[in-house]
Amino acid sequence: MSNHVFPPNFLWGAATAAHQIEGSPLADGAGPNIWTRFAHTPGNVHNNDTGDVACDHYRRWKDDVRLMRDLGLQAYRFSVAWARILPEGTGRVNQAGLDFYSRLVDELLANDIEPLVTLFHWDLPSALDDRGGWLNRDIAGWFADYGRVLFGALDGRVKKWVTLNEPWVVSDGGYLHGVLAPGHRNKYEAPIASHNLMRAHGAAVQAYREVGKHEIGLVVNIEPKYPHSDSAGDAAAVKRAHAYMNEQYLDPALLGTYPQELKEIFGDAWPEWPADDMALIRQKLDFIGINYYTRSVTRDQDSYPLNAGAVKQPLGTYTETGWEVFPQGMVDLLVWAKDRYGNIPTYITENGAAFFDAPVAEGGRVRDPLRTDYLQKHLRAIREAIALGCDIRGYMVWSLLDNLEWSHGYSKRFGIVHVNYGTQERTPKDSARWYTKVIASNGASVDEPLP
Ligand code: BGC
């Protein structure tokens, strides 16, 4: 038994993202987004899966809120599909799209579930991609205008807003390595995309301060880097990898600077940025959201463009996405963020694991002991970080539902609720039942041995 406890108002919830669960991407006047296009280009997504149906949440949202209530969730983090609100990305508002999210928010509130709304979780309107997407400097203004529409319609009912989900993934996957939409592979574009993402973040926070009365923050994915050996080369590789993934976005947002290693990594592809841009990017944030999944043991290695590589651990446990289960990394990174950025209120906005799940058994049971074990270990880690002084306010499991795992299609299941993609039947897995007890005990039951 540990003496550590979760704070009394700790917020317990689960997370999803629009394109991963909603389906019906073009319904009710919505415009296309880059993920619809990307997935409809053969070879980009495993099995050529698309988000056309996904979990059909766009039509089953009411049942899904009932499911959340039955699980005892206190909060639900979801994202808004920009192209449902502004089919052309800017200008004309599609009221039907806005109504969808307005009804969802009302239903959540009626069930005592607090909404946490992310403005952008990767599904950029295609119309904006056609104008250069994240490479066009104007996107900061486009994003702020989109934010204004949502703030005007929902602020008050929504009290916690997130600008961007994981800008690192957008730039690294979408513009540097091309494994995610829009599928570019260009070292000269990635820094520009990153910088414009951060300018857009800053502009949206400014827009929120004009009209919003509650809280707004940024969500990043961070992953601690540990050296493979005590060589000077590995230490330098760790510094590069850490700057690239963990500091590239938090430093400008919170300190107004970029880590110098980015120049070393990108060389002539990393420009000098105007001071005005840095001032725009650095806005006061009410909280930060941290998505944590794994760590990386890093070594100096010839690789593009980081010259750092990850070393698989012979004794490690790995999830279906090839990520090592390493809860201590979460403690280390949360303490690092506290010390580097000041103790900003923090939500764990994603944490979870894809494991192979056995089929739904008679009586509707899905035994997923590895996922439960993963969640338990990470919740204990969070509690330890809290005991070490980190101001952690809440925890959102990734994910409420099995869903479209981007380029992996439907082959990786992160849900605490199983989704039968043939019938759309939802079945809470054992991990969901376990999580319900965790919530009801405000985390005390994470000390109990697993069944
Ligand atoms: C993303 C989610 C994704 C999850 C698991 C995060 O990077 O925000 O959309 O499904 O990780 O890969």
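Just above sits the structure.
Residues numbered from 1 in each chain as written. Predicted model: local features only at pLDDT ≥ 70, side-chain atom pairs only at ≥ 80, totals over all residues. Heavy atoms only, no water.

1. So, the overall build of the chain
In step 1: Check the secondary structure of the chain and you find 16 helices and 13 strands.
In step 2: Relative to its length of 451 residues, the chain is compact, with a C-alpha radius of gyration of 21 Å against a globular reference of 22 Å.
In step 3: Taking the principal axes of the C-alpha coordinates as reference, the chain spans close to 60 × 55 × 45 Å.
In step 4: In the chain, which comprises 451 residues, the proportion classed as buried is 63%.
In step 5: Long-range pairs, those at least 24 residues apart, make up 77% of the contacts in the chain with a sequence separation of at least 6.
In step 6: Here the chain displays about 16900 Å² of accessible surface, and carbon together with sulfur accounts for 51% of that area.
In step 7: The chain carries 45 positive and 56 negative side-chain charges, and their two centres are separated by 2 Å. (Helix = DSSP H or I, 4+ residues; strand = E, 2+ residues; numbered from the N terminus. Rg over C-alpha atoms; globule rule 2.2 N^0.38 Å. Buried < 20%, exposed > 50% of the residue type's maximum accessible area, 1.4 Å probe, protein only. Contact = heavy atoms within 4.5 Å. Areas by Shrake-Rupley, 256 points an atom, 1.4 Å probe, with all protein chains shown as cover. Lys, Arg positive; Asp, Glu negative; His and termini not counted. Charge placed at Lys NZ, Arg CZ, Asp CG, Glu CD.)

2. Re the pairing of strand E4 (residues 160-165)
In step 1: Counting buried positions along E4 yields six of six residues, so the element is predominantly enclosed.
In step 2: Where E4 lies against strand E5 (residues 215-221), four bridges are found, and the strand directions are parallel. Bridge pairing in E5 links Trp 161 to Ile 216. (Pairing = 2+ DSSP bridges.)

3. Considering the nonpolar core
In step 1: Membership of the largest hydrophobic core comes to 149 residues, with the highest contact counts inside it found for Trp 82 and Trp 134.
In step 2: If we skip the residues at most four places from it in the chain, Trp 134 touches Trp 82, Phe 120, Leu 124, Ile 139, Leu 164, Val 170, Tyr 175, Ile 192, Ala 193, Asn 196, Leu 197 and Ala 200. (Core = buried A, V, L, I, M, F, W, Y, C linked by side-chain atoms within 4.5 Å.)

4. Topic: the site of the ligand
In step 1: The environment of the ligand is made up of Gln 20, His 121, Trp 122, Asn 165, Glu 166, Tyr 293, Trp 323, Glu 350, Trp 398, Glu 405, Trp 406 and Phe 414.
In step 2: One nitrogen or oxygen atom from the side chain of Tyr 293 is found 3.4 Å from an oxygen atom belonging to the ligand.
In step 3: When the free accessible area of the ligand is taken as 300 Å², the share hidden by the protein chains comes to 94%.
In step 4: Looking at side-chain class alone, the shell around the ligand contains six nonpolar, three polar and three charged residues. (Near = heavy atom within 4 Å. Polar contact = N/O pair within 3.5 Å; in protein donor to acceptor, adjacent residues only side chain to side chain. Nonpolar A, V, L, I, M, F, W, Y, C, P; charged D, E, K, R; others polar.)

5. Points about the pattern of salt bridges
Once the charged atoms of two side chains with opposite charge are near each other, the side chains can pair.
In step 1: This model, assessed by the stated rule, comprises 34 salt bridges.
In step 2: Here Asp 130 makes a salt bridge to Arg 37, at a shortest N to O gap of 2.9 Å. Here Asp 130 is found in the loop between helix H6 (126-129) and helix H7 (139-154), whereas its partner Arg 37 is found in helix H2 (residues 34-39), with 93 residues between them in sequence.
In step 3: Note on Arg 37: relative accessible area 39%, which makes it partly exposed.
In step 4: Here Lys 284 makes a salt bridge to Asp 286, at a shortest N to O gap of 3.5 Å.
In step 5: Lys 284 sits in the exposed class, given a relative accessible area of 60%.
In step 6: One salt-bridge network, in which partners are shared between bridges, spans Asp 357, Asp 368, Arg 371, Asp 402, Arg 413 and Lys 429. (Salt bridge = Lys/Arg side-chain N within 4 Å of Asp/Glu carboxyl O.)

6. Here we look at the packing of helix H10 (residues 232-247) against helix H14 (residues 328-341)
In step 1: Put simply, H10 and H14 touch, their axes get as near as 13 Å, and they point 80° apart. The angle between H10 and H14 places the two elements in the roughly perpendicular class. Contact residues: H10 offers His 242, Asn 246 and Glu 247, while H14 offers Leu 333, Trp 336, Arg 340 and Tyr 341. (Axes fitted to C-alpha atoms, helices over the stretch in contact; angles between N-to-C directions. Parallel < 35°, antiparallel > 145°, perpendicular 65-115°, else oblique.)

7. Focus: the environment of Met 330
In step 1: Among the structural elements, Met 330 can be located in helix H14.
In step 2: As for Met 330 and Ile 348, which are separated by 18 residues in sequence, their C-alpha atoms are 9.9 Å apart.
In step 3: Setting aside residues no more than four positions away along its own chain, Met 330 makes contact with Tyr 292, Ile 348, Asn 351, His 378, Ala 381 and Ile 382.

8. With respect to unusual backbone geometry
In step 1: Here the amide bond leading from Tyr 304 into Pro 305 is cis, since omega sits at -15°, within 30 degrees of zero.
In step 2: Structurally, Pro 305 can be placed in the loop between strand E8 (296-300) and strand E9 (308-310).
In step 3: Here the residue pair Trp 398 and Ser 399 is connected by a cis peptide bond, since its omega of 5° sits within 30 degrees of zero.
In step 4: Mapped onto the fold, Ser 399 is located in the loop between strand E11 (392-398) and strand E12 (417-419).
In step 5: Positive phi, normally seen in glycine, also occurs at Asp 112, with a value near 60°.
In step 6: As for its position among the elements, Asp 112 is in the loop between helix H5 (95-110) and strand E3 (114-120).

9. Structural notes on H7
In step 1: In a regular helix each residue adds 1.5 Å, so 16 residues correspond to 22 Å; H7 covers 22 Å between its end C-alpha atoms and thus fits that length.
In step 2: Taken residue by residue, H7 has Ile 139, Ala 140, Trp 142, Phe 143, Ala 144, Tyr 146, Gly 147, Val 149, Leu 150, Phe 151 and Leu 154 as its buried positions.
In step 3: Positive backbone phi, at 110°, marks Gly 156, one or two positions downstream of H7. (Expected span 1.5 Å × (residues − 1).)

10. A few points about the sheet that holds E3
In step 1: As summarised here, the arrangement of the eight strands in space is E1-E2-E3-E4-E5-E7-E10-E11, forming a closed barrel in which the pairing is parallel. The mean angle between the axes of side-by-side strands here comes to 25°, regardless of whether they run parallel or antiparallel.
In step 2: Set on the sheet, H7 makes contact with E3, E4 and E5; between it and E3 the angle comes to about 160°.

11. What about the packing of helix H15 (residues 369-387) against helix H16 (residues 430-440)?
In step 1: Contact pair H15 / H16: the axes reach a minimum separation of 8 Å and the direction vectors enclose 30°. With respect to each other, H15 and H16 are oriented roughly parallel. On the side of H15, the interface is formed by Arg 371, Thr 372, Leu 375, Gln 376 and Leu 379, while H16 contributes Asp 430, Ser 431, Trp 434 and Val 438.

12. Considering the packing of aromatic side chains
In step 1: In total, this model carries 35 aromatic pairs according to the counting rule given.
In step 2: A centroid spacing of 6.1 Å and a plane angle of 55° characterise the contact between Phe 143 and Tyr 146, whose relative ring orientation is tilted. With a gap of three residues between them, Phe 143 and Tyr 146 both fall in helix H7, about one helical turn apart.
In step 3: Phe 143 gets classed as buried once you look at its relative accessible area, which sits at 0%.
In step 4: With 6.0 Å between their ring centres and 80° between their planes, Tyr 293 and Phe 414 make a pair best called edge-to-face. A residue pair is termed long-range when its members are at least 10 positions apart, and Tyr 293 in the loop between strand E7 (287-291) and E8 and Phe 414 in the loop between E11 and E12 qualify at 121 residues.
In step 5: We classify Tyr 293 as buried; its relative accessible area is 11%.
In step 6: Here the aromatic cluster, defined as three or more aromatic residues joined through ring pairs, consists of Trp 168, Tyr 244, Tyr 258, Phe 266, Trp 270 and Trp 273.
In step 7: Over the ring of Phe 326 we find Arg 295, and its NZ or CZ is 3.7 Å from the ring centre.
In step 8: Directly above the ring of Tyr 318 sits Lys 312, whose terminal nitrogen or CZ lies 4.5 Å from the centroid. (Phe/Tyr/Trp six-rings, centres within 6.5 Å; stacked < 30°, edge-to-face > 60°. Lys NZ or Arg CZ within 6 Å of the ring centre and 35° of its normal.)

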